[in-house]
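# Commentary on secondary and tertiary structure
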2 protein chains.
Amino acid sequence: MSDLGESLRARGMRLTPQRSRIIDAVRALGHATPDLLAAAVGQDGGPALSLSTIYRNLEALEEVGVVSHTHLDHRSPTYHLADHAEHLHLVCLSCGVVIESPVGAADPFVGNLLARHGFVADVKHMAIHGWCRACSAKAAQ
Amino acid sequence: MSDLGESLRARGMRLTPQRSRIIDAVRALGHATPDLLAAAVGQDGGPALSLSTIYRNLEALEEVGVVSHTHLDHRSPTYHLADHAEHLHLVCLSCGVVIESPVGAADPFVGNLLARHGFVADVKHMAIHGWCRACSAKAAQ
DNA sequence: TTGAATGCAAAAAATTTGCATATTG
DNA sequence: CAATATGCAAATTTTTTGCATTCAA
């Protein structure tokens, strides 16, 4: 991340202390929503950041490719470092548990979509919803 | 739809004119968001319905199994008749086009998740995001 | 008749935007 | 010094909730 400043500057952006702190928080939490990040940044010793700064910076950092986000449900974007191991999320509609699975599990599906529609799918942008083993067993009774 | 009234009554619910009009609107539009439905219902000749009635009824009708919803993006639930042909949605992150694809395309993927995690995936609950043929071709240059 | 449903207005929750001020490069 | 970023408050957008009134069964 030493060239982060350069990546930013190359796009006319600046490396501000706020940006560094936000990146640190994303790294520390693994993945988190904007307001969780705001809370985390507020506890790193420095002054709290306004929520709008959080939002604007997550967007900026995503453009530069430092972070990216996925949606575990229809309303929470969760951010993580872009170089974080890639995996897709399975969210149980019943108990809410989140399971991580290697993206490879979707390869045949992704291949189908490409062959059939020329569509390049990013299966990890949105979580896959359904029912976990425990909940589907419960429902089967 | 003649037994809709019974299905509702069996659960202590009632068949109101508002409910019928909402179902008609869902059928007419194919699939639409709550506010689009509100607009559509408002043009069927009768009086407009309050948005809260729309929301409460979509929820009620979904419980009874008459309608169901999917999320094309992280903020718009789109409702359709439950007996409407099942398909999954591919949404282009670049141009926004929505492509429908038979759920069968996801069978191997769904099978993998079941085998690997015991997870019963409902791939059509959330749209699959990615890039359509045109946009990915453009990006390749 | 009576409990469920409606309408309206106010409350929430989650982002986004305007703008004056502070800062980076 | 000039242009980008920040902070704060206000505006949006979308959905939910309280409550008095209406209506289906």
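Read on for a plain summary of the structure. (Residues numbered from 1 in each chain as written. Chains lettered and ligands numbered in written order. Predicted model: local features only at pLDDT ≥ 70, side-chain atom pairs only at ≥ 80, totals over all residues. Heavy atoms only, no water.)

Now for the interface of chain A and chain B. Facing the 37 residues of chain A at the interface are 37 residues of chain B. Buried surface at the junction of chain A and chain B, summed over both partners, amounts to about 3100 Å²; 70% is from carbon and sulfur atoms. The largest share of the area that chain A buries against chain B comes from Phe 109, Phe 119 and Met 126 of chain A, three residues that together contribute 21% of it. Residue assignment for the side of chain A that touches chain B shows that the elements contributing at least two residues are strand 3 (87–92), strand 4 (98–102), helix 5 (107–117), strand 5 (120–121), strand 6 (128–131) and helix 6 (133–140) of chain A. Counting residues per element, the side of chain A that touches chain B draws most heavily on helix 5 of chain A, at six residues. Partitioning the side of chain A that touches chain B into residue classes produces 21 nonpolar, 10 polar and six charged. Across two bridges, strand 5 of chain A lies against strand 6 (residues 128–131) of chain B in antiparallel orientation. (Contact = heavy atoms within 4.5 Å. Buried area = accessible area lost by both parts, 1.4 Å probe. Helix = DSSP H or I, 4+ residues; strand = E, 2+ residues; numbered from the N terminus. Nonpolar A, V, L, I, M, F, W, Y, C, P; charged D, E, K, R; others polar. Pairing = 2+ DSSP bridges.)

Our focus in this paragraph is the packing of aromatic side chains. Counted under the stated rule, the structure contains one aromatic pair over all chains. Taking the centre distance of 5.4 Å and the plane angle of 10° together, the rings of Phe 109 of chain A and Phe 109 of chain B count as stacked. Taken together, the residues span two chains, with Phe 109 of chain A in helix 5 and Phe 109 of chain B in helix 5 (residues 107–117). (Phe/Tyr/Trp six-rings, centres within 6.5 Å; stacked < 30°, edge-to-face > 60°.)

Residues in close proximity to DNA strand D total 22 residues, the closest being Arg 14, Thr 16, Arg 19 and Thr 53 of chain A together with Tyr 55 of chain B. Between DNA strand D and the protein, one listed contact pairs a phosphate oxygen with a side-chain N or O atom of Asn 57 of chain A at 3.2 Å. Where the surface near DNA strand D is concerned, the elements lending two or more residues are helix 2 (17–29) and helix 4 (51–64) of chain A together with helix 4 (51–64) of chain B. By residue number, the principal contributor to the surface near DNA strand D is helix 4 of chain A, which donates four residues. Class assignment for the residues of the surface near DNA strand D results in six nonpolar, eight polar and eight charged. (Near = heavy atom within 4 Å. Polar contact = N/O pair within 3.5 Å; in protein donor to acceptor, adjacent residues only side chain to side chain.)

We now examine the sheet that holds strand 6 of chain B. What the four strands build is an open sheet, ordered 5(A)-6(B)-3(B)-4(B); its pairing is mixed. Among the strands making up the open sheet, the edge pair consists of strand 5 of chain A together with strand 4 (98–102) of chain B. Sheet strands in contact with helix 5 of chain A are strand 5 of chain A together with strand 3 (87–92), strand 4 and strand 6 of chain B, and its direction is about 115° off that of strand 4 of chain B. (Axes fitted to C-alpha atoms, helices over the stretch in contact; angles between N-to-C directions.)

Membership of the largest hydrophobic core comes to 28 residues, with the highest contact counts inside it found for Phe 109 and Ile 128 of chain A together with Phe 109 and Ile 128 of chain B. Those elements that place two or more of their residues in this core are strand 3 and helix 5 of chain A together with strand 3 and helix 5 of chain B. Setting aside residues no more than four positions away along its own chain, Ile 128 of chain B makes contact with Phe 109, Leu 113, Phe 119, Ala 121 and Ile 128 of chain A together with His 89, Leu 90 and Val 91 of chain B. (Core = buried A, V, L, I, M, F, W, Y, C linked by side-chain atoms within 4.5 Å. Buried < 20%, exposed > 50% of the residue type's maximum accessible area, 1.4 Å probe, protein only.)

Looking at DNA strand C, there are 20 residues lining it, with Tyr 55 of chain A together with Arg 14, Thr 16, Arg 19 and Thr 53 of chain B nearest. Atoms of DNA strand C within 4 Å of the protein belong to the sugar or the phosphate in 63% of instances, the rest to bases. Thr 16 of chain B is positioned such that a nitrogen or oxygen atom in its side chain is 2.8 Å from a phosphate oxygen of DNA strand C. One of the side-chain N or O atoms of Arg 19 of chain B is found 2.7 Å from a phosphate oxygen in DNA strand C.

Now for the packing of helix 2 (residues 17–29) of chain B against helix 4 of chain B. All names here are of chain B. Two elements in contact, helix 2 and helix 4, have axes separated by 10 Å at closest approach and are oriented at 80°. Viewed along their axes, helix 2 and helix 4 adopt a mutual orientation that is roughly perpendicular. Contacts between helix 2 and helix 4 involve Gln 18, Arg 19, Ile 22, Ile 23 and Val 26 from the first element and Thr 53, Ile 54, Asn 57, Leu 58, Ala 60 and Leu 61 from the second. Of the residues in the contact of helix 2 with helix 4, the class split is seven nonpolar, three polar and one charged. (Parallel < 35°, antiparallel > 145°, perpendicular 65-115°, else oblique.)

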